[in-house]
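These are the residues of each chain, in order.
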Amino acid sequence: MTNDCPIVLVHGLFGWGASELLGGGFPYWGTGHSVRSRLPRYEASVGPISSLHDRACELAFQIKGGRVDYGGAHAAEAGHARYGRTYESAFHPTWSAKRPVHLVGHSMGASTAVLLQQLLAEDFFDWDSTDRWVASISSLSGVLNGTTATYFFGCDPVTGLVKKEGAAGHLGHAIETMLRATGDRLTRAYDFHLDQWGLGLRGGEDLPNYVTEKTMSGVFLNHAYPQPGMNPFLIPSALYVGQAEFETPFFPSFNAEDWWPNDGLVSTYSQMYPRIAGDHPVRGVINDAAGYVSGGWYYQLLHDRDHIDLVALPSLGKRRWQKRFYKALFNRLAHLDLRPSAEYQSLLRDPGLVLPS
């Protein structure tokens, strides 16, 4: 069984689109950028530091086309303009439940894809959309349940808000100052997609999930420590995430030790599948030979890989591994059976059921 649904790649925090950064000479998706696939493939470019909601809206209109609508209520609450850019050249203008897309998200891109499906299920854009507009979501090192690394960068553990005196607060202020000073000159080299803030340019499914881990347990303590070969930029956050303790649990079953093994930025525990906010069936480990049943999560632990090994341009040895990874992923998506499983069909026949996203 095969399908012809397009693949849309969604970058993570501080990511970029196909034609950005050295004119496309430094692809965000590394060797995956050049891997051939039977399915059409597109690389989205959404706000690299924007909220998940804004990113999901921008992704929706890049796929279908038209002027980005963030929603009146959201725009009023956030304090930015309701409308954003207009996308005249859509990835997939005939997007519908009969012509869905595969969403592949790295890091924050995975959360963006999940939220987009939720917005489609709610028909947020008034397109008569449903969750079936998404054929599958593939999460690569996805921040599906958040990351404790945010507190390393200055977020308040109680409120979740960014502290002005923290690293993230200073970085945000620096970016705003830089954009106001340079106008669209900087945006041509790296697009922050902050038009809604008056900055920058003006004018039911199978859900495969890939988890990376590159920490190891300590000899005397159960803390997680970076393995040799981890990207040096990730070592400070890896050390923090690997032993962070919190006085107040974030949810009833929260156990800090579960969150210690990580890929340098995101806990393995968070990457595996959504654990809160509804029932998310977990089918088990990815196994092409065994096949897949729609409506649940599959996961695979990638040992000795850090948070950015799946993207950008790794070392020569990892380039070969990366290319094999994307070739297998794209082939898997092309051969997914998108017919609703018997379990999912039974859910659809229940008139009183509200389906999870």
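Small disclaimer: the values here were computed from a predicted structure and weren't measured.

### Here we look at the overall build of the protein chain
Next up, step 1: Assigned secondary structure in the protein chain consists of ten helices and eleven strands.
Next up, step 2: Burial statistics for the protein chain: of 357 residues in total, 51% are counted as buried.
Next up, step 3: Roughly 17,000 Å² of accessible area belongs to the protein chain as shown, and the carbon and sulfur atoms make up 57% of that amount.

### Let's talk about the packing of aromatic side chains
Next up, step 1: This model, assessed by the stated rule, comprises 17 aromatic pairs.
Next up, step 2: Their ring planes at 15° and their centres at 4.9 Å tell us that tyrosine 42 and phenylalanine 91 sit as a pair that is stacked. In this pair, tyrosine 42 sits in strand β2 (residues 41-43) while phenylalanine 91 sits in the loop between β4 (83-87) and β5 (101-106), placing the two residues 49 residues apart along the sequence.
Next up, step 3: Taken together through their ring pairs, the aromatic side chains of Trp16, Phe26, Tyr28, Trp29, Trp321, Phe325, Tyr326 and Phe330 make up a single cluster.
Next up, step 4: Above the plane of the ring of tryptophan 127 lies lysine 64, whose end atom (NZ or CZ) is 5.5 Å from the centre.
Next up, step 5: Over the aromatic face of tyrosine 273 sits the side chain of arginine 275, whose NZ or CZ is 4.4 Å from the ring centroid.

### Remarks on unusual backbone geometry
Next up, step 1: Phi is positive for serine 107, close to 55°, though the residue is something other than glycine.
Next up, step 2: Within the element layout of this structure, serine 107 appears in the loop between β5 and α3 (108-121).
Next up, step 3: Relative accessible area serves as the criterion here: at 7%, serine 107 is assigned to the buried category.

### Focus: the side chain of histidine 53
Next up, step 1: For histidine 53, the location among the structural elements is in helix α1 (residues 52-64).
Next up, step 2: Leaving out residues up to four positions away in the same chain, histidine 53 has contacts with Tyr70, His74, Leu115, Leu119 and Phe124.

### Quick look at the confidence of the model for the protein chain
Next up, step 1: Per-residue pLDDT for the protein chain has a mean of 77; in total, 64% of the residues score no lower than 70.
Next up, step 2: Across residues 173-179, where pLDDT falls below 50, the model places ten contacts with residues more than four positions away in sequence or in other chains.
Next up, step 3: For residues 353-357, every residue scores under 50 in pLDDT, and the model assigns this stretch eight contacts once sequence neighbours within four places are set aside.

### Describing the packing of α1 against α3
Next up, step 1: The interhelical angle for the contact between α1 and α3, taken along N-to-C directions, is 70°, at an axis separation of 8 Å. One finds that α1 runs roughly perpendicular with respect to α3. Where α1 approaches α3, its residues Leu52, His53, Arg55, Ala56, Cys57, Leu59, Ala60 and Ile63 are matched on the opposing element by Met108, Gly109, Ser111, Thr112, Leu115, Leu116 and Leu119.

### Here we look at the nonpolar core
If you look at soluble globular proteins, the nonpolar side chains tend to sit buried side by side.
Next up, step 1: Ranked by internal contacts, the top residues of the largest apolar core, which has 26 residues, are Val8, Leu59, Ile63, Trp95, Leu103, Leu116 and Phe125.
Next up, step 2: Secondary structure elements with two or more residues in this core: β1 (7-10), α1, β5, α3 and β6 (134-140).
Next up, step 3: By residue number, the principal contributor to this core is α1, which donates six residues.
Next up, step 4: When sequence neighbours within four positions are dropped, the list of residues in contact with leucine 103 reads Val8, Leu59, Ile63, Ala113, Leu116, Val134, Ser136, Ile137 and Ser138.
Next up, step 5: Of all hydrophobic cores here, the second largest spans 23 residues; its members include Trp16, Tyr28, Tyr292 and Leu336.

### Thoughts on the pairing of β5
Next up, step 1: β5 sits mainly inside the fold: six of its six residues count as buried.
Next up, step 2: Every second residue of β5 is oriented toward a common face, with Val101, Leu103 and Gly105 on one face and His102, Val104 and His106 on the other, all of them buried.
Next up, step 3: Two elements, β1 and β5, share four bridges in a ladder whose sense is parallel. Paired with valine 10 across the two strands is glycine 105, which belongs to β5.
Next up, step 4: Taken together, the six bridges between β5 and β6 define a ladder with parallel strand orientation. For leucine 103, the partnering residue across the bridge sits in β6 and is isoleucine 137.
Next up, step 5: Handedness of the crossover joining β5 and β6 through α3 is recorded here as right-handed.

### Let's talk about a nonpolar patch on the surface
Next up, step 1: A cluster of nonpolar side chains, contributed by Leu13, Phe14 and Ile49, occupies part of the molecular surface with about 230 Å² of accessible area.
Next up, step 2: Along the chain, the position of leucine 13 falls in the loop between β1 and β2.

### Topic: α1
Next up, step 1: Helix length check: α1 (13 residues) gives 18 Å between terminal C-alpha atoms against 18 Å at 1.5 Å per residue, within 8%.
Next up, step 2: Burial analysis of α1 places eleven of its 13 residues in the buried class, the great majority of the element.
Next up, step 3: Turning to α1, its buried residues are His53, Asp54, Arg55, Ala56, Cys57, Glu58, Leu59, Ala60, Phe61, Gln62 and Ile63.
Next up, step 4: Where α1 is buried, its residues meet β1, β3 (66-69), α2 (72-78), β4, β5 and α3.
Next up, step 5: Glycine 65 lies just past α1 and shows a positive phi near 95°.

### Side note on α3
Next up, step 1: Under the 1.5 Å per step criterion, the end-to-end length of α3 is 20 Å for 14 residues, consistent within 8% with the ideal 20 Å.
Next up, step 2: Among all positions of α3, only Met108, Gly109, Ala110, Ser111, Thr112, Ala113, Leu116, Gln117, Leu119 and Leu120 are buried.
Next up, step 3: Backbone geometry just downstream of α3 places aspartate 123 in the positive-phi region, at approximately 55°.

Conventions used here
- Residues numbered from 1 in each chain as written.
- Predicted model: local features only at pLDDT ≥ 70, side-chain atom pairs only at ≥ 80, totals over all residues.
- Heavy atoms only, no water.
- Helix = DSSP H or I, 4+ residues; strand = E, 2+ residues; numbered from the N terminus.
- Buried < 20%, exposed > 50% of the residue type's maximum accessible area, 1.4 Å probe, protein only.
- Areas by Shrake-Rupley, 256 points an atom, 1.4 Å probe, with all protein chains shown as cover.
- Phe/Tyr/Trp six-rings, centres within 6.5 Å; stacked < 30°, edge-to-face > 60°.
- Lys NZ or Arg CZ within 6 Å of the ring centre and 35° of its normal.
- Contact = heavy atoms within 4.5 Å.
- pLDDT = per-residue confidence, 0-100.
- Axes fitted to C-alpha atoms, helices over the stretch in contact; angles between N-to-C directions.
- Parallel < 35°, antiparallel > 145°, perpendicular 65-115°, else oblique.
- Core = buried A, V, L, I, M, F, W, Y, C linked by side-chain atoms within 4.5 Å.
- Pairing = 2+ DSSP bridges.
- Right-handed = clockwise from strand over helix to strand, strands pointing away.
- Patch = residues over 30% accessible without salt bridge, like charges linked within 9 Å, V, L, I, M, F, W, Y side chains within 5 Å.
- Salt bridge = Lys/Arg side-chain N within 4 Å of Asp/Glu carboxyl O.
- Expected span 1.5 Å × (residues − 1).

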